[in-house]
Amino acid sequence: MKNFSNTYIYTFSSVMVIVVALLLALAALQLKPFQDKNIEIEKKQNILASINIVATTENAESLYEKYITESFVVNVNGELIEKDAFSVDVRAELSKSNKLDRLLPVYVSTLEGGKKAYVVPLRGKGLWGPIWGYISFEKDLNTIYGANFDHQGETPGLGAEIKEAWFQKPFIGKQIFKDSTQFVSVKVNKGGVDPKNLHAVDAISGGTITSKGLEAMIDSSLIQYKTYFLMNRK
Amino acid sequence: MSSKNLKLFTTPFNLQNPVTVQVLGICSALAVTVKLKPAIVMGLSVTIVTAFSNLIISYMRDYIPPRIRIIVQLVVVAALVILVDQILRAFVYDVSKQLSVYVGLIITNCIIMGRLEAYAMGNKPWPSFVDGLGNGAGYAMILIIIGFTRELLGSGSLLGHHVVPNAFFQAGYMNNGMMIMPPMALIVVGLIIWIQRSKNPELIESK
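If you're wondering where the values come from, they're calculated on a predicted model, not measured in any experiment. (Residues numbered from 1 in each chain as written. Chains lettered and ligands numbered in written order. Predicted model: local features only at pLDDT ≥ 70, side-chain atom pairs only at ≥ 80, totals over all residues. Heavy atoms only, no water.)

Student: Would you mind showing me how to read the packing of helix α1 (residues 3-10) of chain B against helix α8 (residues 125-155) of chain B here?
Tutor: Angle between the axes and distance between the axes are the two parameters that describe a pair of packed helices. Residue and element names in this part refer to chain B. The N-to-C vectors of α1 and α8 enclose an angle of 30°; their axes lie 7 Å apart at closest approach. With respect to each other, α1 and α8 are oriented roughly parallel. Taken together, the residues of α8 that come into contact with α1 (itself represented by Asn5, Leu8 and Phe9) are Trp126, Pro127, Val130, Asp131, Leu133 and Gly134. Among the residues making up the contact of α1 with α8, the classes are represented as 6 nonpolar, 2 polar and 1 charged. (Axes fitted to C-alpha atoms, helices over the stretch in contact; angles between N-to-C directions. Helix = DSSP H or I, 4+ residues; strand = E, 2+ residues; numbered from the N terminus. Parallel < 35°, antiparallel > 145°, perpendicular 65-115°, else oblique. Contact = heavy atoms within 4.5 Å. Nonpolar A, V, L, I, M, F, W, Y, C, P; charged D, E, K, R; others polar.)

Student: Where do I start with the interface of chain A and chain B in this structure?
Tutor: Every contact between the two is made by 24 residues of chain A and, on the other side, 24 residues of chain B. Linking chain A with chain B are 0 salt bridges, by the criterion used here. Taken together, chain A and chain B are joined by 6 residue pairs in polar contact (both at pLDDT 80 or more). The dominant element in the side of chain A that touches chain B, judged by the number of residues it contributes, is helix α1 (residues 6-50) of chain A, at 16 residues. Grouping the constituent residues of the side of chain A that touches chain B by class yields 15 nonpolar, 6 polar and 3 charged. (Salt bridge = Lys/Arg side-chain N within 4 Å of Asp/Glu carboxyl O. Polar contact = N/O pair within 3.5 Å; in protein donor to acceptor, adjacent residues only side chain to side chain.)

Student: Mind showing me how you'd approach empty space enclosed by the protein here?
Tutor: One simple way to see leftover space: roll a probe sized like a water molecule over the atoms. Residue and element names in this part refer to chain A. Per the stated rule, a full pass over the model turns up 1 cavity of 30 Å³ or more. Considered as a void within the structure, the largest cavity measures approximately 50 Å³ in volume. Taken together, the elements giving at least two residues each to the lining of the largest cavity come down to α3 (90-94), β3 (104-110) and β4 (116-125). For the lining of the largest cavity, the per-class residue count stands at 8 nonpolar, 2 polar and no charged. (1 Å grid on protein atoms, 1.4 Å probe; cavity = no way out; pocket = protein on both sides within 12 Å on 5 of 7 lines; lining within 4 Å. Points joined across faces, edges and corners; volume = space filled by probe spheres on them.)

Student: What exactly am I supposed to notice about the environment of A:Ile218 here?
Tutor: All names here are of chain A. Position of Ile218 relative to the elements: it lies in helix α5 (residues 208-222). Judged by its relative accessible area of 0%, Ile218 is buried. For the pair Ile218 and Ile176, spaced 42 residues apart in the sequence, the C-alpha separation amounts to 9.7 Å. Setting aside its immediate chain neighbours within four residues, Ile218 contacts Leu122, Phe149, Phe171, Ser185 and Val186. (Buried < 20%, exposed > 50% of the residue type's maximum accessible area, 1.4 Å probe, protein only.)

Student: Where do I start with the pattern of salt bridges in this structure?
Tutor: Where charged atoms of side chains with opposite charge meet at close range, the side chains can pair. Inspection of every chain in the model, using the stated rule, returns 10 salt bridges over all chains. A:Glu138 serves as the salt-bridge partner of A:Lys115, at 3.4 Å between the closest nitrogen and oxygen. A residue pair is termed long-range when its members are at least 10 positions apart, and A:Lys115 in the loop between β3 and β4 and A:Glu138 in the loop between β5 (130-137) and β6 (144-151) qualify at 23 residues. Assessed through its relative accessible area of 37%, A:Lys115 is described here as partly exposed. Across the salt bridge formed by B:Arg89 and B:Asp85, the nearest N and O atoms sit 3.2 Å from each other. Here B:Arg89 and its partner B:Asp85 are both found in helix α4 (residues 69-91), 4 residues apart, which amounts to about one turn of the helix. Using a relative accessible area of 37% as the deciding quantity, one classes B:Arg89 as partly exposed.

Student: Where do I start with the confidence of the model for chain B in this structure?
Tutor: As a general rule, the predicted coordinates of low-pLDDT regions are not to be interpreted in detail. Per-residue confidence for chain B gives a mean pLDDT of 86; residues scoring 70 or more make up 99%. We note a pTM of 0.75 for the whole complex and an ipTM of 0.72 for its interfaces. (pLDDT = per-residue confidence, 0-100.)

Student: Whenever I open this one, the layout of surface pockets confuses me. Can you help?
Tutor: Its volume calculated, the second largest pocket comes out at about 240 Å³. A:Phe12, A:Val15, A:Met16, A:Val19, A:Val20, A:Leu23, B:Ile56, B:Met60, B:Val76, B:Ala79, B:Leu80 and B:Leu83 are the residues that line the second largest pocket. Looking at the lining of the second largest pocket, the elements with two or more residues in it are α1 of chain A together with α3 (36-60) and α4 of chain B. Broken down by element, the residue count for the lining of the second largest pocket peaks at 6 residues, all from α1(A).

Student: Sorry if this is basic, but what is going on with the side chain of A:Glu215 here?
Tutor: Residue and element names in this part refer to chain A. If you trace the backbone, Glu215 turns up in helix α5. The class for Glu215 is buried, based on a relative accessible area of 15%. Among the polar contacts listed, one links the side chain of Glu215 to the backbone nitrogen of Val188, at a separation of 2.8 Å. With residues near it in sequence (within four places) discarded, Glu215 still touches Val186, Lys187, Val188 and Asn189.

Put into structure tokens, the structure is as follows:
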């Protein structure tokens, strides 16, 4: 085996690292627009899924244009704020320590027959990483019209089931206010829930921590909208 | 392809299988095999990375100072893995989401470093490339067998489609929840090793 001088080793490693860095930076820059587009389409798909409309990657944009007729941002006091709702980073907003500074997006959809549904984003922690979703309400801003959840790395077959329809369906028709003013959110309970219970759904067996994280996510995300909901319900 | 190269490609499927004989890459075999589809994509990604890192390292082998060879190999593997990850994110976004962190973890897959050290550092580019392809495919094969077994018995489906007839469930059949847990993957690997060894006596160590 050849013997290499120290100078050669330093030069070799420096050149190699610079070449690799350039290559990767170039690839990242070139692919960024495609990746951003994918993320945007996915967000639109998720919003549409929360109003029970299944969109593919191809038709998500046109369906979004068709159904989401209005979107705006409010604060915890329910006051309107001049901002584009779609570009709000929910994760960054929820971590702001001053609650008044948080921008809270609301998407209004007009469904077939002129029926309105109000979509708000959710964000929280699962077992292994972040979980998020969108939840939509009827015009009383109390009854859930649809819900969609997603996650980064929950256990497949267990916590990851929050993505599946069988878990999301039971949320439909649940209510977040008790006696119309007391905020109770929707609980995710272990071991069977009476379907008549308006404020709880069944948890996932074997996915307790994700289920509880989801419950906390719904509670902490929706409580921000409490004032807005109480002021604007019809 | 000459018979020598063909042999390079085929031995990793049986007598030199990276997972069942060399017992490398076990952790990803446990992690991504709950469902069949991620197992297939993971197998493909590892095959591509093994083949191309073998090729590149083999081209560079005379210029790599031995004292820093491990670092050089790591940089090449890491660069390839990041490229694969970025491309998956740009063009097959849903698959890349399913694999999540495991694509990044290909970097730590022992098979890749193992092949670079054992083969690409001392052989010509084309045989190295074939060797990488063979080892990646040998790994993919095991992942697919495990993924198939676990998804079929654990979720009653294959590639997301339900295959176990409803009549079975009505007759009292249940999906095996244990199959979803990583330990069952280890047991399936053990069963594969058992079958393979009982068919190939040359794999059994003399006492």
